[in-house]
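A structural walkthrough
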Amino acid sequence: DVKVTQSSRYLVKRTGEKVFLECVQDMDHENMFWYRQDPGLGLRLIYFSYDVKMKEKGDIPEGYSVSREKKERFSLILESASTNQTSMYLCASSFITASGSTTDTQYFGPGTRLTVL
Amino acid sequence: QKEVEQDPGPLSVPEGAIVSLNCTYSNSAFQYFMWYRQYSRKGPELLMYTYSSGNKEDGRFTAQVDKSSKYISLFIRDSQPSDSATYLCAMRRTGTASKLTFGTGTRLQVTL
């Protein structure tokens, strides 16, 4: 069974704090993703990574950075948290097939509900 | 205008009803279509996957894609309380590996 775990279910931070959200997957997947989920806006891609130390911006990267030093771990960093970053953050992973195709099945973690006061 | 539109609901139906969930999209380049199901306080999980136009059936679930109308549907037959969840459509263009565009999700409640 694929397991994607996120470091916290709930997190409360103050404006201006540096925030780290951690995600770990145990299935040796190449691709990892960070999304935020907001009512009325759905899931929006912040960043994704297709390999260690590789990253690409998603649709809403402003105010965020990421780090992938090991294949199983993908971190989302809020350099200076702001109230408009209050949201549910979801991490996901997917794998590349033997033929080199990326699968569309993404395996999600349970999410971290971040509140910035 | 959003690339993918989905009625947020909530949609409340009695147990045993047939449920129809829908998404419309504006980008004709989308070729791969998915439905994810998200239970409360959990992450989404893939439910159905279709490529291009046509139907796909899996048990009580049928996914339908009409590319000419830019419209996709998920039908649930004999709905059960355990189907109560948020259903998100997702789609992808060819050549944009991994980059899915999600709908906002429809919340479904199946009542006894």
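Details of the structure are given in the entry above.
Residues numbered from 1 in each chain as written. Chains lettered and ligands numbered in written order. Predicted model: local features only at pLDDT ≥ 70, side-chain atom pairs only at ≥ 80, totals over all residues. Heavy atoms only, no water.

1. Let's talk about the overall build of chain A
Rule in force here: Strands are runs of DSSP state E lasting at least 2 residues, helices are runs of H or I lasting at least 4, and numbering of each runs from the N terminus. Partly exposed residues are those whose accessible area sits between 20% and 50% of the maximum for their type, while under 20% is buried and over 50% is exposed, using a 1.4 Å probe and protein chains only. Accessible areas in this description were obtained via Shrake-Rupley with a 1.4 Å probe; residue shielding takes into account the shown protein chains only. A residue counts as positive if it is Lys or Arg and as negative if it is Asp or Glu; His and the chain ends are not included. Just so you know, the charge point we use is NZ for Lys, CZ for Arg, CG for Asp and CD for Glu.
Counting its secondary structure elements, chain A contains zero helices and 11 strands. For chain A, the succession of helices and strands along the chain, N to C, is β-β-β-β-β-β-β-β-β-β-β. With respect to the principal axes defined by its C-alpha atoms, chain A has extents near 45 × 25 × 25 Å. Expressed as a percentage of its 117 residues, the buried residues of chain A come to 47%. In the form shown here, chain A has an accessible surface area of approximately 5,700 Å², with 51% of it arising from carbon and sulfur atoms. Between the averaged position of the 15 positive side-chain charges in chain A and that of its 15 negative side-chain charges there is a distance of 7 Å.

2. Regarding unusual backbone geometry
Note that the residue after glycine 9 of chain B, namely proline 10 of chain B, is joined by a cis bond; omega there is 10 degrees. Tracing the sequence through the fold places proline 10 of chain B in the loop between strand E1 (4-6) and strand E2 (11-14). One non-glycine residue, aspartate 28 of chain A, adopts positive backbone phi at about 60 degrees. In this fold, aspartate 28 of chain A is placed in the loop between strand E3 (19-25) and strand E4 (31-38).

3. Topic: the interface of chain B and chain A
Note the following rule: Here, two residues are considered to be in contact whenever any of their heavy atoms come within 4.5 Å of each other. As a working definition, buried area equals the accessible area (1.4 Å probe) given up by two parts on being put together, with both sides summed. Any carboxyl oxygen of Asp or Glu within 4 Å of a side-chain nitrogen of Lys or Arg constitutes a salt bridge here. By the convention adopted, Pro, Cys, Tyr, Trp, Phe, Met, Ile, Leu, Val and Ala count as nonpolar, Lys, Arg, Asp and Glu as charged, and the other residues, Gly among them, as polar.
The partner chain A presents 20 residues to the 20 residues of chain B that form the contact. Both faces considered, chain B and chain A share a buried interface measuring about 1,600 Å² in area, 53% of it formed by carbon and sulfur atoms. When the shortest N-O distance is used, the salt bridge between lysine 99 of chain B and aspartate 59 of chain A registers 2.9 Å. Among the elements of the structure, strand E4 (30-38), strand E5 (45-51) and strand E9 (85-93) of chain B are those that each provide at least two residues to the side of chain B that touches chain A. Considering each element in turn, the side of chain B that touches chain A owes the most residues, four residues, to E4 of chain B. When the residues that make up the side of chain B that touches chain A are grouped by side-chain class, the tally is 10 nonpolar, five polar and five charged.

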